[in-house]
Amino acid sequence: EAGVAQSPRYKIIEKRQSVAFWCNPISGHATLYWYQQILGQGPKLLIQFQNNGVVDDSQLPKDRFSAERLKGVDSTLKIQPAKLEDSAVYLCASSTGRTDTQYFGPGTRLTVL
Amino acid sequence: QQPVQSPQAVILREGEDAVINCSSSKALYSVHWYRQKHGEAPVFLMILLKGGEQKGHEKISASFNEKKQQSSLYLTASQLSYSGTYFCGLQNDYKLSFGAGTTVTVRA
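Calculation rules
Residues numbered from 1 in each chain as written. Chains lettered and ligands numbered in written order. Predicted model: local features only at pLDDT ≥ 70, side-chain atom pairs only at ≥ 80, totals over all residues. Heavy atoms only, no water. Buried < 20%, exposed > 50% of the residue type's maximum accessible area, 1.4 Å probe, protein only. Helix = DSSP H or I, 4+ residues; strand = E, 2+ residues; numbered from the N terminus. Pairing = 2+ DSSP bridges. Contact = heavy atoms within 4.5 Å. Buried area = accessible area lost by both parts, 1.4 Å probe. Salt bridge = Lys/Arg side-chain N within 4 Å of Asp/Glu carboxyl O. Polar contact = N/O pair within 3.5 Å; in protein donor to acceptor, adjacent residues only side chain to side chain. Axes fitted to C-alpha atoms, helices over the stretch in contact; angles between N-to-C directions.

(A) Representation of the pairing of strand β3 (residues 19-24) of chain A in the model. Residues and elements named next belong to chain A. Alternating positions in β3 separate cleanly, Val19, Phe21 and Cys23 being buried on one face and Ala20, Trp22 and Asn24 remaining unburied on the opposite face. Sheet topology note: the strand β1 (residues 5-7)/β3 ladder contains 3 bridges and is antiparallel. Within β3, the position partnered with alanine 5 by the bridge is asparagine 24. Examined bridge by bridge, β3 and strand β8 (residues 75-79) share 5 bridges and lie antiparallel to one another. When the bridges of β8 are listed, valine 19 appears paired with isoleucine 79.

Rendered as structure tokens:
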């Protein structure tokens, strides 16, 4: 069974530029999550989708971050404009349901200069 | 609210044991344990769903004390492959909140 796929794996941008990350969850997983992991910390949930609907985005900085999961499968996370403090690893995870085991992708390491 | 993990770091020799604790100030639905190696994604180890439940993965086991709102991860007879950062994820309101992690270094 294929795992969670993410791209790109690495991205370097300058502050105030925009960037987008892509995630393809495990086939059949209805729930998809985006996490931000700053160096030395645990993952922090940004947004959670159930199929193509948002069920939790309480920790998403909505003035600069946006995410969508239009067809209930893959998802994109966008940052516009980026700030220095956005430098982190962005992890995508998926699960069959909202209380089930989450499986993580390899992440995208973002560096904002 | 973020769970509290202790210790922050531990260094072991192969074959030694260690305990990692994770506690919360909120009632818990379940506890999820993950291990993350440097530069890699967190890998699922186990989930504990009931108070008092204990589970194992190879020589790694965990317990969940619902009343005390805490969980412990036990590394028994540690191997070099056990090195990494261990995170507990506490589930409440359909969200996982992760602790800051415990870095385990196992030396030969």
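After that view, the rundown keeps rolling.
(B) Local environment of the interface of chain A and chain B. Taken together, the contacts link 21 residues of chain A with 17 residues of chain B. Of the roughly 1600 Å² buried between chain A and chain B on both sides combined, carbon and sulfur atoms contribute 55%. The three residues of chain A that bury the most area against chain B are Arg98, Thr99 and Phe104 of chain A, which together make up 30% of that side's buried surface. Inspection of the region where chain A meets chain B yields 1 salt bridge. As a salt-bridge pair, lysine 95 of chain B and aspartate 56 of chain A come within 3.4 Å of each other at their nearest N and O atoms. Connecting chain A to chain B are 6 residue pairs in polar contact (both at pLDDT 80 or more).

(C) Region of the structure containing the sheet that holds strand β7 (residues 65-68) of chain A. All names here are of chain A. Reading across the sheet, the 4 strands line up as β1-β3-β8-β7 and stay open at both edges, with antiparallel pairing between neighbours. Only two strands of the sheet have a single partner each, and these edge strands are β1 and β7. Each neighbouring strand pair of the sheet contributes to a mean axis angle of 15°, computed without reference to strand direction.

(D) Focus on the side chain of serine 71 of chain B. Residue and element names in this part refer to chain B. Looking at the secondary structure, you find serine 71 in strand β8 (residues 70-75). Since its relative accessible area comes to 2%, serine 71 is described here as buried. A distance of 3.1 Å separates a polar atom in the side chain of serine 71 from a polar atom in the side chain of tryptophan 33. Sequence-distant contacts of serine 71, that is, excluding residues within four places in its chain, are made with Ile20, Asn21, Cys22, Val31, Trp33, Leu48, Ser63 and Phe64.

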